[in-house]
Amino acid sequence: MAGSRGPEADKEKKKKESILDLSKYIDKTIRVKFQGGREASGVLKGFDPLLNLVLDGTIEYMRDPDDQYKLTEDTRQLGLVVCRGTSVVLICPQDGMEAIPNPFIQQQDG
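In this text, all values refer to a predicted model and were calculated from it rather than measured experimentally. Along each chain, residue indices are assigned from 1 in the same order as the chain's sequence is written. A pLDDT threshold of at least 70 governs which residues receive local features in this predicted model, and a stricter bar of 80 or more applies before side-chain atom pairs are shown or counted, although totals over entire chains, interfaces and linings include all residues. Side-chain figures throughout are based on the complete set of non-hydrogen atoms in the structure, without hydrogens or water.

One bridge is not enough; two strands pair if DSSP finds at least two bridges between them. Think of it this way: any DSSP run of H or I at least four residues long counts as a helix, any run of E at least two long counts as a strand, and we number them from the N terminus. Overall, antiparallel pairing links the five strands, which are arranged E4-E3-E2-E1-E5 in an open sheet. The open sheet has two free edges, formed respectively by strand E4 (71-83) and strand E5 (88-93), since each of these has just one partner strand. Sheet twist, expressed as the mean angle between neighbouring strand axes with direction ignored, is 30°. Strand direction decides the pairing type here: strand E1 (residues 29-34) and strand E2 (residues 39-47), joined by five bridges, are antiparallel. For threonine 29, the partnering residue across the bridge sits in E2 and is valine 43. Whenever a helix is involved, its axis is fitted only over the stretch in contact; in every case the axis is a line through C-alpha atoms, and angles between N-to-C directions fall within 0 to 180 degrees.

The structure is reproduced here in structure tokens:
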């Protein structure tokens, strides 16, 4: 009866696919914002469907001690880091952004 689980297994695999294709940012500098307000930038070396990221040459942007959501000019060199995907809030290229179609809206044929 293993054949009856085939389509269900395919559906589960589709759920785990990431809607973001970060492969075009491999070996490019990206900026990442995390839950709690931390921000860092580094060269993207790898990622997985859960958005765990491997960044090299990472720089953390220090926050103002009086206002945790305000960044200061101070930075801290972190080097090679692994960023846990569950804490990632925003990923953007360091050299600008591009508009993408909303992947959550149903496209209607006119």
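That shown, we press on.
Classification of ring pairs rests on two measures: the distance between centres of Phe, Tyr or Trp rings, Trp counted by its six-membered ring, which must be within 6.5 Å, and the angle between planes, read as stacked under 30 degrees, edge-to-face over 60 and tilted in between. Evaluation of the coordinates by the stated rule reveals zero aromatic pairs. Between the NZ or CZ atom of arginine 31 and the centre of the ring of tyrosine 61, over which it lies, the distance is 3.9 Å. For a lysine, the NZ atom is tested; for an arginine, the CZ atom; a charge sits over a ring if that atom is within 6 Å of the ring centre and within 35 degrees of the ring normal.

Turning our attention to the environment of aspartate 95. The topology assignment puts aspartate 95 in the segment after E5. A residue is classified by how much of its surface remains accessible, and aspartate 95, at 73% relative accessible area, is exposed. For the pair aspartate 95 and threonine 29, spaced 66 residues apart in the sequence, the C-alpha separation amounts to 7.8 Å. Think of it in three bands: with a 1.4 Å probe and only protein chains considered, a residue is buried below 20% of the maximum accessible area for its type, exposed above 50%, and partly exposed in between.

Another point: the side chain of aspartate 64. Relative to the assigned elements, aspartate 64 resides in the loop between strand E3 (53-63) and E4. Each polar contact in these results corresponds to two N or O atoms within 3.5 Å; when the atoms are within protein, one needs to be able to donate a hydrogen and the other to accept it, and residues that are neighboring in sequence are counted only if both atoms are side-chain atoms. Reaching out from aspartate 64, the side chain makes a polar contact with the backbone nitrogen of aspartate 66 at a distance of 2.9 Å.

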